Amino acid sequence: MLNLEDQTEGSDLPTDTLPRPDSSASGIAVGRVRWYSIAFLVVMATCLAEFLTGSMPFLGPVINPLGFAFNLGLYGGGALLIREAAVRWGKRWGAILLLGGAYAVGEEGFAAKTMVDPISPIIGNQLYSHWAGVNWLPLADLTVFHSAFSMAVPFLLVELTFPETKGRRLLGRMGTAATVAVYGITVLLLSLFFGDPFAPPLYAVVFLAAYASAFIAAAYLVPRSFLRAKGERPDRRERSFLLLGLGFMGGFFLISGSLNTEWIVERLLPWPIATVLVLPLAGFTAWYLVKHAGRSENDIVKINFLLGMSLVFVPLDIVEELGGDTGVLLFTGLVLAMLMLLRRRARRSGKVNPSFAHPLTTAQRVDEMCRRRRNELMCDWKRILGSRNPSHILDAIKVAVKGGYLRDLLVIHEAHGDGISEGEPTTILGKYRHGALIQSPVAEVCLGR
């Protein structure tokens, strides 16, 4: 769900401290793995949310091939475009989640109109939260669901299944243009001809367009470090992340009640409160992942989180199977089996923190804190040297001296010293380069290894 990315191999710095890739630097994946990844992403994005939630029967591709084709263009096209934008912009999970919010508007606002039709043929009567032309409860809940599950989960599965495509584009210029056309035509056809015939008021359409545009603009503007995991490695037990995924998706359905206005939450609470209840749940989940998931040796974290979310659908799909959705339990079982196989492969490949199963000791936590602060300083020092601003350079030196990180700063200065040409910063660095390094408890831990 978040930026749980590995470190660049052979580097002591996390990937986010390295130069940000741009569209010219991020090459296209090559060989068969590129086409396998495209097919896998399109199929998983199309089938995962639709089948697991019962929105489309498991036999839907046979019973209603036209509807399945529309879902391929909608989910598959949207997933490919979101991934392509994130890679070309040099972004990661923060931007992907924001773009997933924009996707939710395209599907639920314009194509299916569940965000605006108060008597939706898809999700039923929504007069409970309908105000100013918008169904506010579906707006909030479906934005979170499509962002965190419909889009983010297939991306994680592709990254885990085909790790060689991480950070690489899957589409060229022609492929991107064709995908934009397919997605746009699909939304247009569903909105005007094949979907809900409800005609929303103009002000509701303008609001939805602005709402989606805000997500896209935010995804473009946020730094790559947005929602980036803080630590280098996971610092909680494996089951913690499985329980987190279970709690997140289970809490989502407990709050939303599948958007049934007869659900207990909707019956007890006014719609403005019920609408925002999902936000603290999403916020806590994001906070926990950012704080504890780590940036490297974390494949098990990703898989366990996905496994926890997927387990929530088992009882739901048992009900669906008994209700006539033949084969949906088979699909659920295949998803769980795939996650278990990925988990087994991650263990065999060694992409697991050896101490992952045990809580970190106090000494290990201090060591992790020092390593993270040192890496942040090294990144900032390169940037400050590049600015060639003597006052900024002097401030950075004072911070390094106070914190006991000057030795690391000097290493960077030796490699990038052209940024300092004259003045007090040069004098101070010269003085400390010749041995006048202050000592502190933190410095002893961080610099004495």
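Once a new chain begins, its residue numbering starts again from 1 and follows that chain's sequence as written. Reporting of local features is limited, given that this is a predicted model, to residues whose pLDDT is at least 70; pairs of side-chain atoms are given and counted only at 80 or more, and all residues count toward the totals for whole chains, interfaces and linings. The basis for every side-chain value is the complete set of heavy atoms in the structure, and neither hydrogens nor water enter the calculation.

Q: How do you make sense of the overall build of the protein when you look at a structure like this?
A: Strands are runs of DSSP state E lasting at least two residues, helices are runs of H or I lasting at least four, and both sets are numbered from the N terminus onward. Secondary structure summary: the protein contains 19 helices and four strands in total. With a 1.4 Å probe rolled over the protein chains alone, any residue whose accessible area is under 20% of its type maximum counts as buried; one over 50% counts as exposed, and the rest are partly exposed. The burial tally for the protein puts 53% of its 449 residues in the buried class. Any two residues whose heavy atoms approach within 4.5 Å are treated as being in contact. Restricting the contact set of the protein to residue pairs at least 6 apart, pairs at least 24 apart contribute 81%. Accessible surface area values rest on a Shrake-Rupley calculation with a 1.4 Å probe, where residue burial reflects the displayed protein chains alone. Carbon together with sulfur atoms contributes 65% to the accessible area of the protein, which is approximately 20800 Å² in total.

Q: For this particular structure, what's the right way to read empty space enclosed by the protein?
A: Where empty space is left can be seen by rolling a probe of water-molecule size over the atoms. A 1.4 Å probe that fits but cannot get out identifies a cavity on a 1 Å grid over protein atoms alone, an open set with protein on both sides within 12 Å along at least five of seven lines counts as a pocket, and a residue lines either if it has an atom within 4 Å of a point. Grid points are joined across faces, edges and corners, and a volume is the space filled by probe spheres set on the points. Taken as a whole, this structure holds one cavity of 30 Å³ or more when the rule is applied. A volume near 40 Å³ is recorded for the largest cavity. If you go around the largest cavity, the residues you meet are Leu48, Phe149, Val153, Leu157, Leu306, Ser310, Val335 and Leu339. Of all elements in the fold, only helix H5 (136–161), helix H12 (299–311) and helix H14 (328–349) reach the threshold of two or more residues within the lining of the largest cavity.

Q: What exactly am I supposed to notice about the layout of surface pockets here?
A: By volume, the largest pocket is sized at about 1200 Å³. Surrounding the largest pocket, 41 residues form its lining, Glu50, Thr53, Ser55, Ile122 and Ile123 being those nearest its centre. Elements represented by at least two residues in the lining of the largest pocket include exactly helix H1 (32–52), helix H3 (65–88), helix H4 (93–111), H5, helix H6 (173–194), helix H8 (238–256) and helix H13 (313–322). No other element matches the six residues that H3 contributes to the lining of the largest pocket. Of the residues in the lining of the largest pocket, the class split is 22 nonpolar, 14 polar and five charged. Each residue is assigned to one class: nonpolar for Ala, Val, Leu, Ile, Met, Phe, Trp, Tyr, Cys and Pro, charged for Asp, Glu, Lys and Arg, and polar for all the others, Gly among them.

Q: Sorry if this is basic, but what is going on with the pattern of salt bridges here?
A: Two side chains of opposite charge can pair, provided their charged atoms sit close to one another. Any carboxyl oxygen of Asp or Glu within 4 Å of a side-chain nitrogen of Lys or Arg constitutes a salt bridge here. By the definition in use, this model includes nine salt bridges. For Glu238, the salt bridge goes to Arg347, with nearest N and O atoms at 2.5 Å. Placement of Glu238 in helix H8 and of Arg347 in helix H14 is noted, with a sequence separation of 109 residues between them. Exposure remark for Arg347: the relative accessible area of 40% places this residue in the partly exposed category. In this structure, a network of salt bridges that share partners links the residues Arg92, Glu159, Asp299 and Lys302.

Q: How should the environment of Thr114 be read in this particular structure?
A: Relative to the elements of secondary structure, Thr114 occurs in the loop between H4 and strand S1 (119–120). Since its relative accessible area comes to 0%, Thr114 is described here as buried. Between the alpha carbons of Thr114 and Asn135 there is a distance of 7.5 Å; along the sequence they are 21 residues apart. The term polar contact refers here to a pair of N or O atoms within 3.5 Å; inside protein, the definition further demands a hydrogen-donor-capable atom paired with an acceptor-capable atom, and it admits residues adjacent in sequence only when both atoms are side-chain atoms. Among the polar contacts listed, one links the side chain of Thr114 to the side chain of Glu108, at a separation of 2.5 Å.

Q: Mind showing me how you'd approach a nonpolar patch on the surface here?
A: The patches described consist of residues with a relative accessible area above 30% and no salt bridge, like charges being joined within 9 Å and nonpolar side chains (Val, Leu, Ile, Met, Phe, Trp, Tyr) within 5 Å. The grouping of Leu254, Trp263, Ile264, Leu268, Leu269 and Ile273 at the surface amounts to a nonpolar patch, some 570 Å² of accessible area in total. Looking at the secondary structure, you find Leu254 in helix H8.

Q: What's the story with the environment of Arg345 in this structure? I'm lost.
A: In this structure, Arg345 sits in helix H14. When the C-alpha atoms of Arg345 and Leu160 are compared, they prove to be 9.7 Å apart, with 185 residues separating the residues in sequence. Leave out the neighbours within four places in its chain, and Arg345 touches Leu160, Thr161 and Pro163.

Q: What is the right way to read the packing of H1 against H14 from this model?
A: Under this scheme, a helix contributes an axis fitted over its contacting stretch, all axes are lines through C-alpha atoms, and angles between N-to-C directions fall in the 0 to 180 degree range. Across the interface, H1 lies against H14 with an axial gap of 11 Å and an inter-helix angle of 130°. In this view, H1 runs oblique relative to H14, as classed from their interaxial angle. The crossing of H1 and H14 is left-handed. Residues Phe40, Met44, Cys47, Leu48, Phe51 and Leu52 of H1 lie in contact with H14, whose contacting residues are Val328, Phe331, Thr332, Val335 and Met338. Residue composition of the contact of H1 with H14, grouped by class: ten nonpolar, one polar and no charged. Put simply, angles under 35 degrees are roughly parallel, angles over 145 are roughly antiparallel, angles from 65 to 115 are roughly perpendicular, and the rest are oblique. Take the far helix as your reference; a near helix turned counterclockwise from it by less than a right angle gives a left-handed crossing, and one turned clockwise gives a right-handed crossing.

Q: Could you clarify how one ought to interpret the packing of aromatic side chains in this entry?
A: The geometry of an aromatic ring pair is captured by the separation of the ring centres together with the interplanar angle, meaning the angle of the planes. Stacked, tilted and edge-to-face are the three classes applied to pairs of Phe, Tyr and Trp rings, where Trp contributes its six-membered ring and a pair requires centres within 6.5 Å; stacked means planes under 30 degrees apart, edge-to-face means over 60, and tilted covers the rest. What the rule picks out here adds up to 24 aromatic pairs. When the centroid spacing of 6.5 Å and the interplanar angle of 20° are considered together, the rings of Trp136 and Trp271 count as stacked. With Trp136 in helix H5 and Trp271 in helix H10 (residues 271–276), this pair connects stretches of sequence that are 135 residues apart. On the basis of relative accessibility, which here comes to 25%, the residue Trp271 falls in the partly exposed class.

Q: Honestly, the nonpolar core in this entry has me stumped. Any pointers?
A: When a protein is soluble and globular, its nonpolar side chains tend to lie buried together. Put simply, a nonpolar core is a bunch of buried Ala, Val, Leu, Ile, Met, Phe, Trp, Tyr and Cys residues held in one set by side-chain atoms that sit within 4.5 Å of each other. Ranked by size, the top nonpolar core spans 97 residues in total, and within it Leu48, Phe149, Leu157 and Met249 carry the most contacts. Among the elements that take part in this core, H5 stands out by supplying 16 residues, more than any other. Sequence-distant contacts of Leu157, that is, excluding residues within four places in its chain, are made with Phe40, Met44, Leu48, Leu306, Met338, Leu339 and Leu342.

Q: Would you mind going over H3 with me for this structure?
A: Turn by turn, an α-helix covers 3.6 residues, leaving residues three or four places apart pointing in a common direction. Given a helix with a known number of residues, its expected span is that number minus one, times 1.5 Å. A rise of 1.5 Å per residue sets the reference length of H3, with its 24 residues, at 34 Å; its end C-alpha atoms lie 33 Å apart and thus fit the reference within 8%. Summarising burial for H3: 18 of the 24 residues are buried, a large majority. Backbone geometry just downstream of H3 places Gly90 in the positive-phi region, at approximately 70°.

Q: It is not clear to me how H4 should be interpreted in this structure. Could you clarify?
A: An ideal rise of 1.5 Å per residue puts 27 Å on 19 residues; H4 measures up with 25 Å between its terminal C-alpha atoms. Taking burial as the measure, the 19 residues of H4 include 18 buried ones, the bulk of the element.

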